[in-house]
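Observations on the model geometry
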Amino acid sequence: MNEAQAQNPLRNIALLFGALWRTVRGADQRGRKVRWMIGLLRPYRGRVALMFAALLIETGAGLAPPFLAGRAIDAGIKTHDLSALDWTVAAFVVAAILYAAGTYAETYLVGWVGTRALQDLRERTFTHLQGMSIGFFTRNSPGVLISRMTNDVEALQQLVTNGIVTIFSSSLTLIGVVVILLALDLKLALITFLTFPLLGIASLVFRIVSAGAYRATRERIAAVTAYLQESLSGVRVVRSFGQENRHLAEMTELNEANRQANMATVYLNASYFPAVELLAAVGTAAILLYGGTQAIEGAIQVGVVVAFVGYLTTFFEPIQELSQLYTTYQQGMAALDKIFDLLDTEPDMVDAPGAIDPGTIRGEIELDDVWFSYSDERDPAAVPAGSWVLEGVDLHVPPGQTLALVGATGAGKSTFAKLVARFYDPQKGRVLVDGHDLGGVQQRALRRQLGIVPQEGFLFSGSVRENVAFGRPGASLEEIEAAIATVGATDFVAALPDGIETEVGERGVQLSAGQRQLVAFARALLAEPRILILDEATSNVDVRTEKTIEKGLERLLRGRTAIVIAHRLSTIRRAGKIVVLEHGKIAEQGTHEELIGANGVYARLYGAWEESTAA
Amino acid sequence: MRTYRRLMGFLRPYRAQLWGSMVFAWAAIGMTVVIPLLLSRGVNAIEDGDKPDLLPLALAILAAGILRLGLTVVRRLVAGKVSLGVEFDLRQLFYAHLQKLELGFFDTQQTGQLMSRATVDLQAIRFFLGYGLVFITQSLLTICLAAVMMFFLNPLLAVLGLLPAPFVVYIASRYNRVSRPAVQEVAQRVAELTAEAEENVSGIRIVKAFAREEFQLHRFQRAVGRVFDQSIYSTRLQAFFGPLIGLLPQFGIAVVLLVGGRMVIDGNLSLGDLTAFYTYLLMLAGPTRMLGVAMGMAQRAIASGNRMFEIIDREPTIQSPPDPVRLPAGGGRVELRDVTLRYAAAPGSEHEAVPALHDVSLAVDAGRTVALVGPSGSGKTSLVALIARLYDPSAGSVLVDGVDVRDVDLAKLRSEIAFVADDSFLFTASVADNIAYAHGAATREEVEAAARLAQADSFIRELPDGYDTRVGERGLTLSGGQRQRVAIARALLADPRILILDDSTSSVDATTEAAIKAGLREAMAGRTTFIIAHRLSTVSLADEIIVLDRGEVVDRGTHEELMEGCGFYREIADHGLADSVFLQRDLEQREEMARL
């Protein structure tokens with residue numbers, strides 16, 4: 001909410017009621033979403049029913065004490081009836097205990113059902129996300145996707161747990177108080193209710209106006225935190241340029257802005273809460289004046305006056321809570337919209353109906369006039385001409401051959417590899433493995449036979465053993481150790497604090513880049529892939545690790561088809577075939593010697609490299 | 001207790017406001033306590049059939065209410081200001097201290113840990129100082145005043161009615177104690193869940209490549225289950241303690257009704273007094289509960305205070321000397337004499353760290369360009385960090401233009417040295433501001449000139465807002481090569497005597513690289529330059545090469561000399577230095593990485 005809106009509370013109240021009405025009517029799809037959300041609770045019907053029962057007991061028992069206190073005065077004390085007094089007090093105690101028990105059951109059940117239902121939602125979102133294509137993950141920022149499963153689900157949980165309870169218990173309490181007061185004395189009740197609209201409007205206005213102010217404080221403190229985070233990650237730069245004072249001055253500015261934003265909420269709170277207290281005093285005075293006069297005239301009993309004063313505090317709370325609900329409602333609904341946006345996005349690369357399982361493949365790869373662009377356009381005619389990454393690539397890789405891809409930035413090397421893994425479908429042409437068009441092959445059946453080692457050896461948190469076993473869950477410890485030995489990583493793994501059980505940390509940060517890469521090799525090897533894809537897998541490795549990797553690499557490549565995107569001449573020289581890509585087209589192909597002999601692009605690149613080494 | 005006293009020290013600048021808000025709070029409580037008394041007089045008037053008394057009493061209640069409104073508004077404004085003031089001061093103090101601490105400190109600290117001190121702990125302290133103290137005094141005073149009033153009305157009934165109060169305070173503070181770790185554990189497990197989700201999203205290519213979707217789902221489900229279990233435990237605590245705390249005072253009211261009712265019947269107590277008791281006891285429920293909460297706040301604030309003071313009490317080890325020597329004019333001659341550098345061990349580690357540099361002596365004449373070559377961990381970065389006194393050597397000394405760097409004013413020294421670090425960190429600010437980082441007064445012309453020299457001008461002009469494009473962590477993400485060129489421009493604008501260049505993320509293509517090299521040649525003229533080289537092409541910029549291994553200087557000479565005489569260098573040159581031509585990552589992949 002911006003400032004201009006915040007200054008017009010009446011308009012906002014109208015907006016709120018409009019929004020609620022639309023939800024109730026089912027317009028703007030909210031109704032569908034809310035119904036769907038209620039559907040999440042269906043598996044826990046029994047507990048939900050129990051929860052409502054507990055809620056009823058809690059609310060009912062909570063309403064009794066002021067009434068019973070009034071009865072104790074009128075039926076017991078005033079009439080000198082001791083047994084009536086004792087019974088009323090006993091009822092008072094029973095009501096208090098019932099209230100406590102009801103609250104216990106309600107809190108527990110609401111917590112249980114809400115948490116469980118939202119965990120289901122979390123898992124559903126996760127599963128849905130995993131069905132999306134790689135292209136989807138490239139288009140959407142990871143932070144946003146993650147917050148769908150975390151922050152948004154939590155906002156929704158707030159709405160489910162707090163929202164449901166507040167709506168029911170507050171409305172029930174309010175209705176209960178109104179009914180009891182009306183039954184006790186009609187006129188006195190009506191006079192007491194005069195404070196209602198005042199309180200209701202004051203609360204709603206406060207909530208709406210303060211929502212903006214509180215948002216401002218959240219934004220300010222977020223800015224402070226982000227700034228702090230940045231100066232911590234950039235501390236080396238700060239120190240080496242000696243710019244400490246400049247950062248201190250900037251921090252002071254942000255800190256001051258944060259203070260100002262918070263001051264606004266202090267003003268708001270300082271005007272609202274004391275005003276509510278004043279209303280309570282006004283109510284008390286009115287009850288005493290009118291009720292007292294009535295009591296003296298014998299129209300009502302004095303206990304009724306006391307009960308009225310008691311109820312006065314009871315109904316301030318539900319009104320405030322209901323008005324608070326608006327914020328929770330807004331946040332929860334926003335989260336629901338976002339989650340729905342995700343769940344409504346159909347996975348864009350599902351297996352075609354009747355897709356086949358190719359069985360164990362030999363690893364023959366063929367590209368037949370492949371055109372590909374990262375544009376979302378599927379129709380080749382509609383793809384913007386400048387966006388083609390691959391333009392009519394024809395290539396055949398026999399089983400067992402190592403293919404090295406060479407070319408300048410943006411030539412299409414990685415894209416080539418991604419099409420073989422069917423992370424994307426080409427707009428035109430076919431990619432075939434063992435003669436099967438990948439469009440008609442079950443994706444997972446294909447990928448299970450692929451091994452990919454990316455440039456940054458991405459590891460998952462867990463032990464070295466778990467990371468290697470990722471290649472083939474269920475592999476025995478011997479098999480895992482054998483894979484580690486084959487890539488030449490045994491020595492470094494043994495030197496780790498807990499050997500093979502050493503935790504590698506988030507994304508494997510506990511290991512050096514070279515070590516991560518070795519683990520990634522072992523992981524790929526354990527998967528026993530028929531086709532191996534190395535995407536600049538050795539670029540982050542220093543001279544010591546380099547030698548070990550060379551040997552591991554050799555063993556890894558043996559006996560399977562491999563696509564190697566490499567920068568090390570030693571790897572490229574050894575390849576059975578080198579393909580030079582230029583602007584999405586194959587410029588030349590052949591062995592190292594053939595290409596040097598051809599004196600084309602490759603020979604020029606090689607010459608430039610030799611020159612730069614000598615310069 | 002010491003921590004507590006130190007925390008209270010933060011309130012010293014606000015003493016006057018604090019007392020003011022206390023006085024207002026007490027006066028407001030006085031009004032709150034008076035209202036039930038007036039009400040009880042009203043009930044007695046009803047009992048006596050004394051109609052004319054009702055109006056003045058009702059007006060008195062109204063007056064008390066209005067007076068309380070005024071008092072509370074002022075009290076809240078003053079207390080709010082104090083609380084925010086304390087928060088402001090604390091944050092300034094903490095941040096200013098972080099700016100003073102040496103780099104070595106940050107190596108041993110996790111960023112997350114420092115962040116949580118600046119946010120979670122700071123908040124705990126400010127809640128306690130800003131609100132907790134007011135809550136405690138206010139609650140105590142309300143309880144005391146109400147108790148006094150009740151004793152004044154009837155001592156026996158007062159004791160009976162107040163009997164549950166100490167139990168409520170005890171249980172509330174106990175609840176706070178057990179629930180806090182439980183809630184923290186929920187937060188911890190949610191953080192684990194987030195990490196799990198994060199890892200799955202960033203590693204999705206691996207997951208898909210190995211077709212391990214189900215396996216990942218099981219991992220995620222396990223994390224979800226852990227959150228669920230802990231949430232339920234925490235909910236159960238809340239479900240148990242919350243109602244219990246509410247229930248106890250009800251027993252007090254019941255006893256008062258039972259015994260007080262008999263007293264009224266026996267004529268020992270007026271009905272009005274009984275009503276007053278009833279209202280007082282209702283009124284006490286809030287403050288007793290609040291007292292328990294505030295006591296929990298105090299415990300938390302003290303724990304947080306200890307964590308804060310841990311940092312604040314840490315003396316910076318690298319500071320300007322009290323009377324610094326002037327850095328003499330010179331071209332930036334650098335000399336290391338018997339330098340050994342040992343980094344502080346990570347906290348918790350029992351082993352002393354292996355020295356990063358061991359007994360290194362070397363001199364580099366003014367204006368020379370040297371390349372430092374060696375495997376990772378050989379001490380290249382440590383060596384250059386010593387020149388800017390980012391660390392102090394454990395033994396030996398570092399001299400710039402003949403003066404020990406420890407004798408020079410720190411800011412003066414560092415203004416003469418510029419880094420192009422390997423990660424080319426940029427701040428969230430415009431490109432122009434980033435380039436002018438070390439030289440805030442630079443004109444746009446100077447900024448552009450530096451950018452041209454660093455071969456950054458042309459790509460900067462193509463950015464959405466040119467030089468005013470916001471970059472950095474929360475701005476537009478530049479590619480590694482672009483970041484590096486901005487960092488070079490930043491270093492050049494600082495016009496340093498000594499330029500230090502780390503080229504490990506040199507992901508630029510061959511043409512750009514040639515252009516940068518030309519620019520660098522020009523920029524290096526007249527300065528001493530250290531290049532941490534990972535590629536032969538950058539080594540070629542140097543007059544001389546220093547070969548490092550395991551913290552020691554192995555050899556030194558020109559490329560040709562070393563190829564001839566140094567086996568270790570030859571090995572590195574043949575295998576370790578990546579060949580530039582083939583180090584060309586795919587554009588789209590780099591963009592993907594940048595987006596992560």
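You'll find the structure just up there.
Each chain carries its own residue numbering, running from 1 in the direction its sequence is written. Naming scheme: in the order in which they are written, chains are lettered from A and ligands are numbered from 1. Only residues with pLDDT of 70 or above have their local features reported here, since the model is predicted, and side-chain atom pairs are shown and tallied only from 80 upward, although totals for entire chains, interfaces and linings are computed over all residues.

All names here are of chain B. Two strands form a pair only when DSSP identifies at least two bridges running between them. Only DSSP runs of H or I reaching four residues or more are called helices, and only runs of E reaching two or more are called strands; each is numbered from the N terminus. Strand order in the open sheet formed by four strands is E2-E1-E4-E5, with antiparallel pairing between adjacent strands. Looking along the sheet, the strands with just one partner apiece sit at the ends: strand E2 (357-364) and strand E5 (403-404). Here strand E4 (residues 395-400) runs beside E5; their pairing, made up of two bridges, is antiparallel. Bridge pairing in E5 links valine 400 to valine 403.

What follows concerns the pairing of E4 of chain B. Pairing of strand E1 (residues 334-341) of chain B with E4 of chain B, which is carried by five bridges, proceeds in the antiparallel orientation. Note on E4 of chain B: the bridge partner recorded for threonine 340 of chain B is alanine 395 of chain B.

Here we come to the pairing of strand E3 (residues 402-407) of chain A. Residues and elements named next belong to chain A. Partly exposed residues are those whose C-beta has more than 12 but fewer than 20 other C-beta atoms within 10 Å; with 20 or more the residue is buried, with 12 or fewer it is exposed, and the C-beta atoms are placed from the backbone. Along E3, six of the six residues are buried, which leaves the element largely enclosed by surrounding structure. Taking every second residue as pointing to the same face, both faces of E3 are buried, with Thr402, Ala404 and Val406 on one and Leu403, Leu405 and Gly407 on the other. In terms of strand pairing, E3 meets strand E9 (residues 577-582) through five bridges, oriented parallel. Note that in E9 the partner of alanine 404 across the bridge is isoleucine 578.

A few words on the sheet that holds strand E4 (residues 428-433) of chain A. All names here are of chain A. Strand order in the open sheet formed by four strands is E2-E1-E4-E5, and the pairing between neighbours is antiparallel. With one partner strand each, in any of the chains shown, strand E2 (388-397) and strand E5 (436-437) form the two edges of the open sheet. Of the pairings in the sheet, the one linking E4 to E5 comprises two bridges and is antiparallel in character. Residue leucine 432 lies in a different strand from E5, and its bridge partner there is aspartate 437. Each residue is represented by a C-beta atom placed from its backbone, and any two residues with such atoms within 7 Å are regarded as in contact. With axes taken as lines fitted to C-alpha atoms, and helix axes fitted only over the stretch in contact, angles between N-to-C directions fall between 0 and 180 degrees. Contacts from helix H14 (residues 413-420) reach strand E1 (365-373), E2 and E4, with the element oriented near 120° to E1.

Attention now goes to the interface of chain B and chain A. Of the residues lining the interface, 132 residues belong to chain B; the matching set on chain A comes to 127 residues. In terms of residues, the side of chain B that touches chain A owes the most to one element, helix H9 (residues 213-266) of chain B, which gives 27 residues. When grouped by side-chain class, the residues that make up the side of chain B that touches chain A number 75 nonpolar, 34 polar and 23 charged. Under the grouping applied here, Gly and all other residues not named as nonpolar or charged are polar, the nonpolar ones being Ala, Val, Leu, Ile, Met, Phe, Trp, Tyr, Cys and Pro and the charged ones Asp, Glu, Lys and Arg.

With that settled, consider the packing of helix H6 (residues 155-162) of chain B against H9 of chain B. Residues and elements named next belong to chain B. As a packed pair, H6 and H9 sit with axes 7 Å apart at the nearest point and diverge in direction by 155°. Considering the angle they form, H6 stands roughly antiparallel to H9. Seen along the crossing, H6 lies across H9 with a hand that is right-handed. Packed against H6, whose contacting residues are Leu157, Leu160, Gly161 and Leu162, the element H9 presents Gly252, Val255, Val256, Val259 and Gly260 at the interface. Taken together, the residues that form the contact of H6 with H9 break down as six nonpolar, three polar and no charged. Small angles under 35 degrees read as roughly parallel and large ones over 145 as roughly antiparallel, with 65 to 115 read as roughly perpendicular and the rest as oblique. Here a crossing is called left-handed whenever its near helix is offset anticlockwise from the far helix by less than a right angle, and right-handed whenever the offset is clockwise.

Any functional reading would require information beyond the geometric quantities listed.
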